[in-house]
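Here's the letter readout for the chains.
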Amino acid sequence: MDLPFFRDAGSGRPIIFLHGWTMDGSVFDEQARRLVPRFRCLSPDLPGHGHSRHLTANIPRSAEMLDKMIQDLALKDVILVGWSMGALVAWRYLARFGQDRVAGLVTVDMSPKIANGPDWQLGLLRATRKEAADPNYRSDWTKRAEAIASGMFSGDAPDQPARIKAAQSMINGQNPGLMQSMWASMMKTDERDAIGAIRVPWLICYGVHSQVYPSELRKWLLKRAPQARALGFSESGHSPHLEEPDTFARALTRFVDGIH
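Residues numbered from 1 in each chain as written. Predicted model: local features only at pLDDT ≥ 70, side-chain atom pairs only at ≥ 80, totals over all residues. Heavy atoms only, no water.

Novice: Just checking my understanding: could you explain the overall build of the protein chain for this structure?
Specialist: Looking only at helices and strands, one finds 11 helices and 7 strands in the protein chain. The C-alpha atoms of the protein chain give 17 Å as radius of gyration, which agrees with the globular expectation for 260 residues (18 Å, within 12%). The 260 residues of the protein chain split such that 55% are buried. Within the protein chain, counting contacts between residues at least 6 apart in sequence, those at least 24 apart form 80% of the total. Each charge class in the protein chain can be summarised by its mean position, and for the 32 positive and 28 negative side chains these summaries are 3 Å apart. (Helix = DSSP H or I, 4+ residues; strand = E, 2+ residues; numbered from the N terminus. Rg over C-alpha atoms; globule rule 2.2 N^0.38 Å. Buried < 20%, exposed > 50% of the residue type's maximum accessible area, 1.4 Å probe, protein only. Contact = heavy atoms within 4.5 Å. Lys, Arg positive; Asp, Glu negative; His and termini not counted. Charge placed at Lys NZ, Arg CZ, Asp CG, Glu CD.)

Novice: I tried to follow the side chain of Q160 on my own but got confused; where do I start?
Specialist: Looking at the secondary structure, you find Q160 in helix α6 (residues 160-172). Residue classification places Q160 among the buried positions, given a relative accessible area of 7%. Here the side chain of Q160 touches S154 through a polar contact of 3.0 Å, landing on its backbone oxygen. (Polar contact = N/O pair within 3.5 Å; in protein donor to acceptor, adjacent residues only side chain to side chain.)

Novice: Teacher, can you tell me more about the sheet that holds strand β4 (residues 78-83) here?
Specialist: Strand order in the open sheet formed by 7 strands is β1-β3-β2-β4-β5-β6-β7, and the pairing between neighbours is mixed. Of all the strands in the sheet, just β1 (6-9) and β7 (228-233) have a single pairing partner and so form its edges. Within the sheet, the average angular offset between the axes of one strand and its neighbour, ignoring direction, is 15°. The strands that helix α3 (residues 85-97) touches are β2 (14-18), β4, β5 (102-108) and β6 (202-207); relative to β4, the one it contacts most, it runs at about 140°. (Pairing = 2+ DSSP bridges. Axes fitted to C-alpha atoms, helices over the stretch in contact; angles between N-to-C directions.)

Novice: When you look at the packing of aromatic side chains in this model, what are you seeing that I'm missing?
Specialist: Geometry of an aromatic ring pair is reported as the spacing of the ring centres plus the angle between the planes. Tallying each qualifying case throughout the model produces 8 aromatic pairs. Arranged with centres 6.3 Å apart and planes meeting at 90°, the rings of W21 and W141 form a pair that is edge-to-face. Separated by 120 residues along the polypeptide, W21 in the loop between β2 and α1 (29-35) and W141 in helix α5 (residues 141-151) bring together distant segments of the chain. Judged by its relative accessible area of 11%, W21 falls in the buried class. Where F233 meets F248, the ring centres are 5.7 Å apart and the plane angle is 35°; that geometry is what we call tilted. Note that F233 is positioned in strand β7 and F248 in helix α11 (residues 245-257), a separation of 15 residues in sequence. Classification of F233 by relative accessible area gives buried; the value is 2%. Joined through ring pairs, the aromatic side chains of F17, F28 and W83 make up one cluster. (Phe/Tyr/Trp six-rings, centres within 6.5 Å; stacked < 30°, edge-to-face > 60°.)

Novice: Explanation requested: the layout of surface pockets in the structure shown.
Specialist: Space left empty within the atom packing is revealed by a probe, the size of a water molecule, rolled over the atoms. Roughly 250 Å³ of volume is contained in the second largest pocket. What lines the second largest pocket is a set of 14 residues, and nearest its centre among them are S26, V27, A166, M170 and L242. With 4 residues, α6 is the single largest residue contributor to the lining of the second largest pocket. By residue class, the composition of the lining of the second largest pocket is 9 nonpolar, 2 polar and 3 charged. (1 Å grid on protein atoms, 1.4 Å probe; cavity = no way out; pocket = protein on both sides within 12 Å on 5 of 7 lines; lining within 4 Å. Points joined across faces, edges and corners; volume = space filled by probe spheres on them. Nonpolar A, V, L, I, M, F, W, Y, C, P; charged D, E, K, R; others polar.)

Novice: Looking at this model, I keep getting lost on the nonpolar core. Mind explaining?
Specialist: One broad trend across soluble globular proteins is that nonpolar side chains are buried collectively. Among the nonpolar cores identified, the biggest contains 81 residues, and L80, M186 and W202 are the most heavily contacted of them. No other element matches α3, which puts 8 residues into this core. The contacts of L80, once residues within four sequence positions are left out, are I16, L66, A90, Y93, L94, V102, G104, L105 and V106. (Core = buried A, V, L, I, M, F, W, Y, C linked by side-chain atoms within 4.5 Å.)

Novice: It is not clear to me how the environment of A87 should be interpreted in this structure. Could you clarify?
Specialist: As for its placement among the helices and strands, A87 is situated in helix α3. Here A87 falls in the buried class, since its relative accessible area comes to 0%. Sequence separation between A87 and G10 is 77 residues, and the spatial gap between their C-alpha atoms is 23 Å. Not counting chain neighbours up to four residues away, the residues in contact with A87 comprise G82, T107 and M110.

Here is the structure:
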């Protein structure tokens, strides 16, 4: 089994950053730049994305790749930081491979089940399986990339157009077929049972202005994981690590420092 492509910088306690759908590990470069004086920052391109497009694009395989990465690099006391899709990968890893090598978990704006149904309404807002299976995704990928990029952010910060442009460029650089395969896997993923089994310290991050998941989701997560705490970012939407990078890095540092 091949390892995904990953970036590796700094030394100290390892932090593994797991990116969102249509992105790659470079979206955490600014976090790594702020944190490498104290931590070892690793950011893989998850299967199907970026330089890891040769790997099968689904959530189970992504969790397997994460386990192989941790094992092959002999990592311990790992902090997992999962943004959006990356949180699904982290939850699947913990449920399948255990928590022995993980010291803490940080998730950013994600639901354990993104597909809504009769027994679940805390998935994606206004999203359905039918919409996810859009047969025109290949021909309309550029248009879809613009919509995805715009939905990642909130507000009208001076650098907002540059953020959207950079995200759109990254999305356009992905393989549409592989992205659709991963999206289909995400829509089938249900990690609700994994939430109550998490025992490591957990920081649930969210942007106050995010329009991706309902606010009631945080209450559901906190009820099932009493050791977790939630932290909102007042100037952010779906991507606080990009929209408020300094604040996010400080919050992450405080969280890691609080783990013994």
